[in-house]
Amino acid sequence: MSSNKKLFIQTLGCQMNDTDSQHIAAELEKHKDYSQTDKMEDADLIIINTCSVREKPVQKLFSEIGQFNKKKKDGAKIGVCGCTASHLGRDIIKRAPYVDFVVGARNISKIKDVVDVKGSVEISIDHDESTYEFATAKTNKYRASVNISIGCDKKCTYCIVPSTRGEEISIPIEMIVDQVQKSVDLGAVEVMLLGQNVNSYGRRFSDGREKSTFTKLLQEVSKVEGLERIRFTSPHPLHMDDDFIEEFARNKKISRCIHMPLQSGSTEILKAMKRGYTKEWFINRATKLRSLVPDLRITTDIIVAFPGETQEDYEDTLDVVNQVKFDQIFNFKYSPRPGTEALNMKEKEVPDEIGSKRLIDLIELHKRHLEAVMPSYVGQTLNVLVESLKPNGEVCGFTDNYLQVFTSGSDSLLGKFVNVKITSNTRTSLKGEIVE
Ligand code: 5AD
Ligand code: SF4
C-alpha cells in the first residue's frame, strides 16, 4: 500500500523492543496508512521505543527527543513508547511538552488509537495483550522474532522490568505456531522465540486454559515444516530442568547456542538478587548442557558491583567465567533503578571506581579466553546460513551455534546453507572460503 505519511522509529534496548517496534510499524501501516522511513527529517510521525533497564538509556531519551524536536519536519508528531514510557508516563510530556503521546511497553496494541490524540498516555500495567493479533511484523527475510509471553513474574531485586512490563502471561501456543508458520511462508528459516523468561512459558494463560511448558512449546514449534532453526531468549537458569536440557540436546532444530544469564557467580549475591539458584546449580546446568551438546556455545549477562559485592564475591563470578568458558558475555555495572528492591541496599553500594575496575578486568579476562578459543576454528569446515550481503561484496551468516562467518559470495547465496572452510578469525567472527 503506498502512502504519503511517513513513520520513523528509533528502537533502544532489548530484542523484545525490536519486535514491539515491528508491531508498531505494522499496526500503523495497516490501520493508519503510514509507511516507514529511515530519515527522521522526512517523517510525519517520529516514535522512540525506549529502554529503562539501566539509567544511561533513560538519560539518552531526553537528549534524543530534544534533537528530534529541533530537526523534525513542521507539524510532525513525536511519540514515546516502551519501558521508559511505562515508568515515567505523563512526566515525559511534562518534561518535554512537544511529545504528542506516550504508550507503555504493555500497551503497544493501543498505538493506532492514540496516534491522533494529542496528549494521550496509555501505560496500564495490567493490560493484557497476550491474545491480540498484531498485524504481521516485517522481519529480516530469513529470521523472524515471535513473542511467546508478555511481562515477567520474577522479582530480581535489581530489575525494573516487572514494573514496566507487568505480570507474566503466556501467548496461546496455537497463536505462536501460527505466527511461526506465517513467518516461514514469508521466507524465514529461523525463528527467535522471545520473552522475559521464556522457560517459565505456560504457567498462566489469559483464558485460564490448562498449564503448558516451554519444552512442549519447543516440540510444537519444531513441527513447522520449512523452519530450520529455533532460537530463544532469555531462559532463566533456575528453570533449566532435565526435561528442558534433554529436549535442547535431542531436538535438531534448536540452535546450539544458549543464553544463560548468570548475573553473579556468588551464591550470596545471587540470594540478594533473588535469582533463586546457587553458583553450584548454575555450573551444574552448564556442565550438563555442554556434556550433552557438542559444539554448544553459551552466552551470558553479568552484573558487577551489585550492592554488597565483596572482592570475594566478584572472584566467584570470575571463577564461574573460568569454569563455564562463556562464548560471549554482556557485562553491566550495577545501575540503581527506581522502584526496585536493591534501592533499599544503598548503604551497601560499591564505589563507582571499584565497579568500573571490576568491569574492565572481567572484559579483559574474557578477551583472553576468546583469543585462545577463536583460532581453534581455523581449518574447520562449518555449515553457515547466509543472511546478508555486505557493501564490500562479502556475504555474512551464522553457524548453527551462532558463530558469525564472512565469506566471499553473491546475493544468490542469501537464505542458503553453505559449507565454509575457516581461514582466519577475530575475537568475535570467522572468515573462510566456500567448499562443497
Ligand atoms: N543494572 C545493571 N544491569 C542490569 N540488568 C538488568 N537490570 C540491571 C541493573 N539495574 C542487566 C541484566 C539483564 C540484562 C538485560 O540487563 O544482566 O540480564
Ligand atoms: Fe527490554 Fe528490559 Fe529495556 Fe524494557 S527495560 S526494553 S524489557 S531490556
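Residues numbered from 1 in each chain as written. Chains lettered and ligands numbered in written order. Predicted model: local features only at pLDDT ≥ 70, side-chain atom pairs only at ≥ 80, totals over all residues. Heavy atoms only, no water.

1. Some remarks on the overall build of the chain
Tallying secondary structure elements over the chain gives 13 helices and 19 strands in all. Referenced to the eigenvectors of the C-alpha coordinate spread, the extents of the chain come out at roughly 60 × 55 × 50 Å. Excluding contacts between residues fewer than 6 apart, the proportion of contacts in the chain whose partners are at least 24 apart in sequence is 70%. By element, 50% of the accessible surface of the chain is carried by carbon and sulfur atoms, the whole surface being about 19300 Å². (Helix = DSSP H or I, 4+ residues; strand = E, 2+ residues; numbered from the N terminus. Contact = heavy atoms within 4.5 Å. Areas by Shrake-Rupley, 256 points an atom, 1.4 Å probe, with all protein chains shown as cover.)

2. As for the site of ligand 1
Neighbouring ligand 1 are V53, R54, Y158, Q263, D301, I303, F332, K333, Y334, S335 and R337. For ligand 1, an oxygen atom lies 3.0 Å from a polar atom in the side chain of R54. A distance of 2.6 Å separates an oxygen atom of ligand 1 from a polar side-chain atom of D301. Burial of ligand 1 by the protein amounts to 85% of the accessible area it has alone, namely 400 Å². At the level of secondary structure, the elements contributing two or more residues to the shell around ligand 1 comprise β13 (297-304) and β14 (328-333). (Near = heavy atom within 4 Å. Polar contact = N/O pair within 3.5 Å; in protein donor to acceptor, adjacent residues only side chain to side chain.)

3. Looking at the side chain of K279
Mapped onto the elements, K279 comes out in helix α11 (residues 279-292). Overall, K279 belongs to the buried group, its relative accessible area being 11%. (Buried < 20%, exposed > 50% of the residue type's maximum accessible area, 1.4 Å probe, protein only.)

4. Observations concerning the packing of aromatic side chains
In the structure shown here, the tally under the stated rule is 13 aromatic pairs. Seen in terms of ring centroids, Y277 and F282 are 6.1 Å apart; in terms of plane orientation they differ by 40 degrees. Their pairing is tilted. Residues Y277 and F282 agree in their burial class; the two are buried. The ring of Y34 carries K5 above its face, with NZ or CZ at 4.5 Å from the centroid. (Phe/Tyr/Trp six-rings, centres within 6.5 Å; stacked < 30°, edge-to-face > 60°. Lys NZ or Arg CZ within 6 Å of the ring centre and 35° of its normal.)

5. Observations concerning the sheet that holds strand β16 (residues 394-399)
As summarised here, the arrangement of the five strands in space is β15-β16-β17-β19-β18, forming a closed barrel in which the pairing is mixed. Sheet twist, expressed as the mean angle between neighbouring strand axes with direction ignored, is 55 degrees. Pairing geometry for strand β15 (residues 381-389) and β16, over five bridges, is antiparallel. For V386, the partnering residue across the bridge sits in β16 and is G397. (Pairing = 2+ DSSP bridges. Axes fitted to C-alpha atoms, helices over the stretch in contact; angles between N-to-C directions.)

6. With respect to the sheet that holds strand β10 (residues 190-194)
The strand order across the open sheet built from three strands is β7-β10-β11, with neighbouring strands paired in parallel fashion. Where the open sheet ends on each side, the last strands, each with one partner, are β7 (143-147) and β11 (229-233). Strand-to-strand twist of the sheet, defined as the mean angle between neighbouring strand axes without regard to direction, takes the value 25 degrees. In the sheet, β10 pairs with β11 via five bridges, with the strands oriented parallel. Within the sheet, the bridge partner assigned to V191 lies in β11 and is I230. Each of β7 and β10 touches helix α7 (residues 173-185); the most contacted strand, β7, lies at about 165 degrees to it.

7. Here's the deal with the domain arrangement of the chain
Domain parsing of the chain yields domain 1 (6-122), domain 2 (143-375) and domain 3 (378-435). The C-alpha-based centres of domain 2 and domain 3 are spaced at 27 Å. Listed as interface residues are 17 residues of domain 2 and, on the opposing side, 16 residues of domain 3. Here domain 2 is connected to domain 3 by three salt bridges. Scanning the region where domain 2 abuts domain 3 turns up 12 residue pairs in polar contact (both at pLDDT 80 or more). Broken down by secondary-structure element, the contributors of at least two residues to the side of domain 2 that touches domain 3 are β11 and α13 (352-373). Taken together, the residues of the side of domain 2 that touches domain 3 break down into six nonpolar, one polar and 10 charged. (Domains from an automatic or database assignment. Salt bridge = Lys/Arg side-chain N within 4 Å of Asp/Glu carboxyl O. Nonpolar A, V, L, I, M, F, W, Y, C, P; charged D, E, K, R; others polar.)

8. Examining the nonpolar core
Counting residues in hydrophobic clusters, the biggest one holds 54 residues, and the most contacted among them are I176, L193, F214, F232 and I258. With five residues, helix α12 (residues 311-324) is the largest single contributor of residues to this core. In this structure I258 touches F232, P235, M240, F244, F248, L289, L296, R297, I298 and T299, once residues within four positions along its chain are discounted. Counting 19 residues, the second-largest nonpolar core is a separate cluster that includes L61, V80, I93 and V102. (Core = buried A, V, L, I, M, F, W, Y, C linked by side-chain atoms within 4.5 Å.)

9. Side note on the packing of helix α8 (residues 214-221) against helix α9 (residues 242-250)
The geometry of α8 relative to α9 is characterised by a closest axis approach of 9 Å and an angle of 20 degrees between their N-to-C directions. Taken together, the axis directions place α8 and α9 in an arrangement best described as roughly parallel. Here α8 and α9 pass one another in a crossing that is left-handed. Where α8 abuts α9, its residues F214, T215, L218 and Q219 lie against D243, F244, E247 and R250. Split into classes, the residues belonging to the contact of α8 with α9 amount to three nonpolar, two polar and three charged. (Parallel < 35°, antiparallel > 145°, perpendicular 65-115°, else oblique. Left-handed = near helix turned anticlockwise from the far one by under 90°.)

10. Quick look at the pairing of strand β19 (residues 429-435)
Note that strand β17 (residues 404-408) and β19 share four bridges and pair parallel. Counted as the bridge partner of V405 is L430 from β19. The turn linking strand β18 (residues 417-425) back onto β19 is made up of three residues.

11. Notes on the UniProt feature "binding site: [4Fe-4S] cluster 1" (unreviewed entry) in the chain
Under the feature "binding site: [4Fe-4S] cluster 1" (unreviewed entry), the UniProt entry names C14, C51 and C83. The annotated residues occupy 70 residues of the chain but converge on a single region, no pair of C-alpha atoms lying more than 10.4 Å apart. By secondary structure assignment, the location of C14 is in the loop between β1 (5-11) and α1 (15-32). Overall, the relative accessible area of 37% leaves C14 in the partly exposed class. Structurally, the position occupied by C51 is in the loop between β3 (45-50) and α2 (55-71). Note on C51: relative accessible area 11%, which makes it buried. Dropping the residues within four chain positions of it, C51 is found in contact with L12, G13, N17, P57, V58, C83 and T84. (UniProt positions renumbered as here; feature names shortened; annotations may be inferred.)

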